[in-house]
Amino acid sequence: MDIVPGLAQGKALDISQSAPVVNFDSGVSGAKSYEETAGSEVVIITAGFSRKPGMTRDELCLTNMRVINDTIHNVVSHSPDCTIIMVTNPVDAMTYLAIKASKLPRNRVVGLSGVLDGARLSSFIADELKVPPASVSACILGEHGKNMVVIPRLTTVKDKPLTELLSKETIDKLVARTIMGGDEIVALLKTGSAFYAPSAAAARMAEAIILDKKETLLCAAHLDGEYGIKDTVISVPVKLGKKGIEEIIELELTTEEKQALNKSAEAVRELIKTMKLG
Ligand code: LAC
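All of these numbers come straight from a predicted model, not from anything done at the bench.

Draft legend 1. Quick look at helix H8 (residues 196–210). In a regular helix each residue adds 1.5 Å, so 15 residues correspond to 21 Å; H8 covers 21 Å between its end C-alpha atoms and thus fits that length. Here H8 has its buried residues at Pro198, Ala201, Ala202, Met205, Ala206, Ala208 and Ile209. Down the axis of H8, the buried side of the element spans an arc of 160 degrees, and every buried residue falls inside it. Those residues of H8 that are buried are in contact with strand S1 (42–45), strand S2 (83–86), strand S3 (109–111), helix H5 (114–129), strand S9 (215–224) and strand S10 (230–241). Looking one or two residues past H8, aspartate 212 carries a phi angle of roughly 50 degrees, positive in sign.

Now the structure itself:
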């Protein structure tokens, strides 16, 4: 659904009409009010403003906070048992806000970050090594933003660590491009941010939840002592299934990686403070 009249219905019709061509049989419909979304099992929230060229995700925080408070209220009053996938930026802070505003348990609210950042890194690595993108498994933790923590040691190509396949210099270049991956697209599009990779990533997460796949994906999750970090949201590997986040997986990190993760968590915590949630 969308608050712009006709937009969701028009998109839904257009998508439905692609079904005979690409051969899918799911029903697609666009709604104009929250009533029509009642009883949803999974709700993906993309409401809010996106960045303009040169803006950081953090600059959207206070504006999108108002949109998200209102959206969450409407979503939860119609679908009290849903699992929420947050996409709105700055996604870590908005996921934290969504947990507070919805009063849902932390396992029922998950943010889109690592799947997307990992997909960006995987596509750059695949281009560099001339391998299929799906043969790359990226490990990216922390903030969906400039403090993202890429772990090349745990990033693999057909089970081989990236650190054995590319020079440090090349890895650093690909990591830097990944961290600015969203910004690169915003700068090119000029109006709006990326659509296709974020929506593919959100769909992958929704599918893991709806089909109870227990799939481990990198997602923004509320930490309560995991990784020695409390009361903030960052990307970590989580197992997604019917109950939402069914497990937070704690990787063995080196001292340096832990320090980077703590710095990333601190940056998100500082941003959360600006919302004065009390
Ligand atoms: C991006 C937005 C979704 O990274 O944050 O493209």
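That was the structure; now back to the text.
Draft legend 2. Structural detail: the packing of helix H4 (residues 91–102) against helix H9 (residues 255–274). Viewed as axis vectors pointing N to C, H4 and H9 meet at an angle of 55 degrees, and their least axial separation amounts to 9 Å. By the angle class used here, H4 and H9 are oblique. Viewed along their axes, H4 and H9 form a crossing whose handedness is right-handed. For the pair H4 and H9, contact is made by Asp92, Ala93 and Tyr96 and by Val268, Leu271 and Ile272, respectively.

Draft legend 3. Spotlight on empty space enclosed by the protein. Counted according to the given criterion, the structure contains one cavity of 30 Å³ or more. Computed from the structure, the largest cavity encloses a volume of approximately 40 Å³. Asp58, Pro90, Val91, Asp92, Ala93, Glu143, His144, Val268 and Leu271 are the residues that line the largest cavity. When residues of the lining of the largest cavity are traced back to their parent elements, those giving at least two are H4 and H9. Broken down by element, the residue count for the lining of the largest cavity peaks at three residues, all from H4. A class-by-class count of the residues in the lining of the largest cavity yields five nonpolar, one polar and three charged.

Draft legend 4. Summary view of the pairing of S2. The two faces of S2 match: Thr83 and Ile85 on one face and Ile84 and Met86 on the other face are all buried. Alignment of S1 against S2, held across four bridges, turns out to be parallel. Among the inter-strand pairings, isoleucine 44 is bridged to a residue of S2, identified as isoleucine 85. Each parallel crossover has a hand, and the one from S1 via helix H3 (residues 61–78) to S2 is right-handed.

Criteria and thresholds
- Residues numbered from 1 in each chain as written.
- Predicted model: local features only at pLDDT ≥ 70, side-chain atom pairs only at ≥ 80, totals over all residues.
- Heavy atoms only, no water.
- Helix = DSSP H or I, 4+ residues; strand = E, 2+ residues; numbered from the N terminus.
- Expected span 1.5 Å × (residues − 1).
- Buried < 20%, exposed > 50% of the residue type's maximum accessible area, 1.4 Å probe, protein only.
- Arc of directions from axis to C-beta.
- Contact = heavy atoms within 4.5 Å.
- Axes fitted to C-alpha atoms, helices over the stretch in contact; angles between N-to-C directions.
- Parallel < 35°, antiparallel > 145°, perpendicular 65-115°, else oblique.
- Left-handed = near helix turned anticlockwise from the far one by under 90°.
- 1 Å grid on protein atoms, 1.4 Å probe; cavity = no way out; pocket = protein on both sides within 12 Å on 5 of 7 lines; lining within 4 Å.
- Points joined across faces, edges and corners; volume = space filled by probe spheres on them.
- Nonpolar A, V, L, I, M, F, W, Y, C, P; charged D, E, K, R; others polar.
- Pairing = 2+ DSSP bridges.
- Right-handed = clockwise from strand over helix to strand, strands pointing away.

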